[in-house]
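Coordinates in review
Below are the chains, spelled out letter by letter.
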Protein chains: 2
Amino acid sequence: MKFQAEIDVMPKKEILDPQGKAVTGSMKNLGLAEIHNVRIGKHISLEIEAESEQAAHEKTEQACKSLLANLIMESYTFKIQAV
Amino acid sequence: MKFQAEIDVMPKKEILDPQGKAVTGSMKNLGLAEIHNVRIGKHISLEIEAESEQAAHEKTEQACKSLLANLIMESYTFKIQAV
């Protein structure tokens, strides 16, 4: 079976996010001062061949831990859907 | 009212994604050959002060169009939630 995973990798809350801070500042210059606390991370979509949703879940977990996220500075969440 | 927006900005399907291609290749080396078609974009979370969900929606739309996404190469989707 084929599954689609949608993964969000975000900087942890305690970690300063300079890219997000810069964008928050730019919002003011664009007349969007109502927008604040911008944080920027990665969104990753991928396809997995697996026998079950459980197996796809484990593979995605493994990919996040070993390659996609730096667990010292980032946290991840994901959703899996059969396609 | 305060709203939280979760925005995904992804490279368009017709656009080559070299970072995603590189990660797809690395998956094989990690013993995760079942994973393919990796695409990498940005995930942005932000807070908005707005009078209604409709107003927050419009502000987010404006932020995406004018700053967060390059509409030639990228497409965006977002969800808004009252907090």
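Here we summarise the structure given alongside this text. (Residues numbered from 1 in each chain as written. Chains lettered and ligands numbered in written order. Predicted model: local features only at pLDDT ≥ 70, side-chain atom pairs only at ≥ 80, totals over all residues. Heavy atoms only, no water.)

1. Brief notes about the packing of aromatic side chains
Residue and element names in this part refer to chain A. Heads up, the condition is: Put simply, two rings from Phe, Tyr or Trp (the six-membered ring, in Trp's case) pair if the centres are within 6.5 Å, and we call them stacked under 30 degrees between planes, edge-to-face over 60, tilted for the rest. Type-normalised accessible area, obtained with a 1.4 Å probe on protein chains alone, sets the label of each residue: buried when under 20%, exposed when over 50%, and partly exposed for intermediate values.
Applying the stated criterion across every chain yields a total of two aromatic pairs over all chains. Where Tyr76 meets Phe78, the ring centres are 6.3 Å apart and the plane angle is 10°; that geometry is what we call stacked. The residues Tyr76 and Phe78 share a single accessibility class, namely buried.

2. Quick notes on the relation of the copies chain B and chain A
What counts here: Alignment of the copies relies on least squares applied to C-alpha atoms, considering only residues that score at least 70 for pLDDT in both. Only heavy atoms matter for contacts: two residues are in contact if any of them lie within 4.5 Å across the pair.
Laying chain B over chain A is done by rotating through 180° and shifting 0.0 Å along the axis; what remains is an RMSD of 0.0 Å. Given the turn and translation reported, the copies of this chain are related as if by a two-fold rotation axis. When each C-alpha of chain B is compared by its distance to the rotation axis, Lys42(B) comes out closest, at 2.1 Å. A high fraction, 100%, of the interface residues of chain B reappear at the interface in chain A, so the copies pair face to face through one surface.

3. Some thoughts on the interface of chain B and chain A
Put simply, the rule is: The term buried area means the drop in 1.4 Å probe accessible area that two parts suffer when joined, counted for both and summed. By salt bridge we mean one thing: a side-chain nitrogen of Lys or Arg within 4 Å of a carboxyl oxygen of Asp or Glu. We call two N or O atoms a polar contact when they sit within 3.5 Å, provided that within protein one can donate a hydrogen and the other can accept it, with sequence-adjacent residues counted only if both atoms are side-chain atoms. Secondary structure elements are defined from DSSP: runs of H or I of at least 4 residues count as helices, runs of E of at least 2 residues count as strands, and each element is numbered from the N terminus. Only Asp, Glu, Lys and Arg are considered charged in this grouping, and only Ala, Val, Leu, Ile, Met, Phe, Trp, Tyr, Cys and Pro are considered nonpolar; every other residue, Gly among them, is considered polar.
At the interface, 31 residues of chain B touch 31 residues of chain A. The largest per-residue losses of area from chain B upon contact with chain A belong to Glu34(B), His43(B) and Glu47(B), which jointly make up 20% of the total buried on that side. Summed over the shared surface of chain B and chain A, the result is two salt bridges. Run the count over chain B and chain A and you get 14 residue pairs in polar contact (both at pLDDT 80 or more). For the side of chain B that touches chain A, the secondary-structure elements that each account for two or more residues are strand S1 (2–11), helix H1 (18–29), strand S2 (35–49) and helix H2 (53–68) of chain B. Residue classes in the side of chain B that touches chain A are distributed as 14 nonpolar, eight polar and nine charged.

4. Considerations on the sheet that holds strand S3 (residues 74–82) of chain B
Selection rule: Think of it this way: DSSP has to see at least two bridges between two strands before they count as a pair. Throughout, an axis means a line fitted to C-alpha atoms (over the contacting stretch in the case of helices), and angles, computed between N-to-C directions, take values from 0 to 180 degrees.
If you walk across this open sheet you meet the six strands as S3(A)-S1(A)-S2(A)-S2(B)-S1(B)-S3(B), and the pairing is antiparallel. Each edge of the open sheet carries a strand with a single partner, namely strand S3 (74–82) of chain A together with S3 of chain B. Strand-to-strand twist across the sheet, computed as the mean angle between neighbouring axes with direction ignored, equals 20°. Contacting strand S1 (2–11), strand S2 (35–49) and S3 of chain A together with S2 of chain B, helix H2 (residues 53–68) of chain A runs over the sheet at an angle of about 155° to S3(A). Where H1(B) meets the sheet, it contacts S2 of chain A together with S2 of chain B, and its direction lies at approximately 125° from that of S2(B).

5. Regarding the packing of helix H1 (residues 18–29) of chain A against H2(B)
Selection criterion: Every angle not falling under 35 degrees, over 145, or within 65 to 115 is termed oblique; those three ranges are roughly parallel, roughly antiparallel and roughly perpendicular.
Where H1(A) meets H2(B), the closest approach of the two axes is 11 Å, and the angle between their N-to-C directions is 105°. Classified by the interaxial angle, the pair formed by H1(A) and H2(B) is roughly perpendicular. Contact with H1(A), carried on its side by Val23(A), Ser26(A) and Met27(A), involves Ala63(B), Leu67(B) and Leu68(B) of H2(B) and no other residues of that element. When the residues that make up the contact of H1(A) with H2(B) are grouped by side-chain class, the tally is five nonpolar, one polar and no charged.

6. A look at H1(B)
The cut-off we apply is this: Expected helix span is given by 1.5 Å per residue-to-residue step, counting one fewer step than there are residues. In this description, the arc belongs to the directions extending from the helix axis to the C-beta atoms.
Here H1(B) is twelve residues long and its end C-alpha atoms lie 17 Å apart, about the 16 Å a rise of 1.5 Å per residue gives. Looking at H1(B), one finds that the buried residues are Gly20(B), Val23(B), Thr24(B) and Met27(B). For H1(B), the buried positions fall inside an angular range of 105° around the axis, keeping them on one side. Away from the buried face of H1(B) by more than 90 degrees, exposed residues Pro18(B), Lys21(B), Lys28(B) and Asn29(B) are located. On its buried face, H1(B) sits against S2 and H2 of chain A together with S2 of chain B. Taken from the residues just after H1(B), Gly31(B) is the one with a positive phi, measuring 80°.

Just geometry here; none of it tells us what the structure is for.
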